[in-house]
Amino acid sequence: MSRPGSPGTQPGPERTLPVPATAGAPADVGTAFAVPTSPRQALAELHAGNRRFVTGAPRHPNQDAGHRAAVADGQHPFAVIVGCSDSRLAAEIIFDRGLGDLFVVRTAGHTIGPEVLGSVEYAVTVLGTPLVVVLGHDSCGAVQAARTADATGTPPVGHLCAVVDAVVPSLRRAAAEGVDDIDGIVDIHIAHTVEAMLGRSAVLAVEVAAGRCGVVGMSYRLTAGEVRTVAEVPARTADAPETAASAALA
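Quick summary incoming for the structure in this document.

This part covers the overall build of the protein chain. Per the secondary structure count, the protein chain includes nine helices and seven strands. Across the 250 residues of the protein chain, 48% fall into the buried class. If you sum the accessible surface of the protein chain, you get close to 11,200 Å²; carbon and sulfur atoms cover 56% of it.

A few words now on the pattern of salt bridges. Scanning all chains against the criterion turns up 10 salt bridges. One salt bridge connects arginine 88 with aspartate 86, and the closest N-O pair in it is separated by 2.8 Å. Judged by relative accessible area, which is 15%, aspartate 86 ranks as buried. Across the salt bridge formed by arginine 228 and aspartate 187, the nearest N and O atoms sit 2.9 Å from each other.

Moving on, we come to helix 1 (residues 39-54). With 16 residues, helix 1 should reach 22 Å at 1.5 Å per residue; the first-to-last C-alpha distance of 23 Å fits that figure. Among the residues trailing helix 1, glycine 56 stands out with phi positive, at a value near 75°.

Let us now look at the side chain of histidine 137. Looking at where histidine 137 falls in the secondary structure, it is placed in strand 5 (residues 131-137). Given the relative accessible area of 0%, histidine 137 is considered buried.

This brings us to the nonpolar core. Leu46, Ile81, Phe95, Val132, Leu135, Met197 and Leu204 are the most contacted members of the largest nonpolar core, which totals 61 residues. Among residues more than four places away in sequence, those in contact with leucine 204 are Val120, Val124, Val132, Met197, Leu198, Cys213 and Val215.

To continue, consider unusual backbone geometry. In this structure, the amide linkage connecting valine 233 to the following residue, proline 234, adopts the cis form with an omega of 0°. Tracing the chain through its elements places proline 234 in the loop between strand 7 (227-233) and helix 9 (242-248). Unusually for a residue other than glycine, asparagine 62 sits at a positive phi of about 60°. The topology assignment puts asparagine 62 in the loop between helix 1 and helix 2 (65-70). With a phi close to 40°, histidine 110 is a non-glycine residue in the positive phi region. Within the secondary structure, histidine 110 sits in the loop between strand 4 (102-107) and helix 4 (114-125). Residue histidine 110 is classed as buried on the basis of its relative accessible area of 2%.

Its place among the elements puts histidine 189 in helix 7 (residues 182-200). Judged by relative accessible area, histidine 189 falls into the buried class, the value being 2%.

All right, on to the environment of glycine 225 then. Residue placement: glycine 225 occurs in the loop between strand 6 (214-220) and strand 7. Apart from residues no more than four positions distant in its own chain, glycine 225 is found in contact with Asn50, Phe53, Val54 and Tyr220.

Quick look at the sheet that holds strand 4 now. On the basis of which strands lie adjacent, the open sheet formed by five strands has the order 4-3-5-6-7 and mixed pairing. Strands at the two margins of the open sheet, each flanked by one partner only, are strand 4 and strand 7. With strand direction ignored, the average angle separating the axes of adjacent strands in the sheet is 20°. For strand 3 (residues 79-84) and strand 4, the ladder comprises six bridges, and the chain directions are parallel. Bridge pairing in strand 4 places cysteine 84 opposite threonine 107.

Its place among the elements puts serine 38 in the loop between strand 2 (33-35) and helix 1. Here serine 38 falls in the buried class, since its relative accessible area comes to 14%. Sequence separation between serine 38 and glycine 211 is 173 residues; the distance between their C-alpha atoms is 8.8 Å.

A separate point is the state of the cysteines. Evaluation of the coordinates by the stated rule reveals zero disulfides. No disulfide involves cysteine 140; its nearest neighbouring cysteine sulfur is the one of cysteine 84, lying 4.3 Å away.

Next up on the list: the pairing of strand 3. Summarising burial for strand 3: six of the six residues are buried, a large majority. Of the pairings in the sheet, the one linking strand 3 to strand 5 comprises four bridges and is parallel in character. Among the inter-strand pairings, isoleucine 81 is bridged to a residue of strand 5, identified as valine 133.

Calculation criteria
- Residues numbered from 1 in each chain as written.
- Predicted model: local features only at pLDDT ≥ 70, side-chain atom pairs only at ≥ 80, totals over all residues.
- Heavy atoms only, no water.
- Helix = DSSP H or I, 4+ residues; strand = E, 2+ residues; numbered from the N terminus.
- Buried < 20%, exposed > 50% of the residue type's maximum accessible area, 1.4 Å probe, protein only.
- Areas by Shrake-Rupley, 256 points an atom, 1.4 Å probe, with all protein chains shown as cover.
- Salt bridge = Lys/Arg side-chain N within 4 Å of Asp/Glu carboxyl O.
- Expected span 1.5 Å × (residues − 1).
- Core = buried A, V, L, I, M, F, W, Y, C linked by side-chain atoms within 4.5 Å.
- Contact = heavy atoms within 4.5 Å.
- Pairing = 2+ DSSP bridges.
- Axes fitted to C-alpha atoms, helices over the stretch in contact; angles between N-to-C directions.
- Disulfide = S-S within 2.5 Å.

Structure below.
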């Protein structure tokens, strides 16, 4: 991890990162990329990138040699993605982003421990990243494994037990709410991860309370490629459109 030029920079006006032109490079090279510096801007940028990915019109921004050189001396990611390790859930691809845009931490079932929380706190307080996203997906293998282990009373071998143990509280909540289908349980697990992250990290909770950072739980559909919001802090009304959801995180 590299430190930015001004550690602890808080969200303010959008920063622009100049990208030197390179002969024969994609059209994005040579233009200034406006780096989102508020939760609202960051969330809107992720949704825009996902729409490009879903519709088959990705721009592949910030993936060229010129931008690689521009970000070599420092990073200013606009979102932290705490995602599942599933090989089909590559954040830079599904959000159509590039080098230096996303600070990605991945574990099976997006389970969180001290190292994950420390990585999130580093991005938020040192790099000034304004948005944290918990990214899960349908048919999650970690949730399925936990469900099987819980139902049979047979724990998995090795360190996979730690993953299962981290998912079990979500299974309990789902059972209490009468949710039995795997994707419904995944949604509950995503929301539980958001709550657990804020409950375990006083540093993150302070940044959210101060309005410098937002936390969003998203679920990704493997077949369609779409992401949808499962949980948000600050909260919004369940029937609010996407634009309103972004405004709630301003």
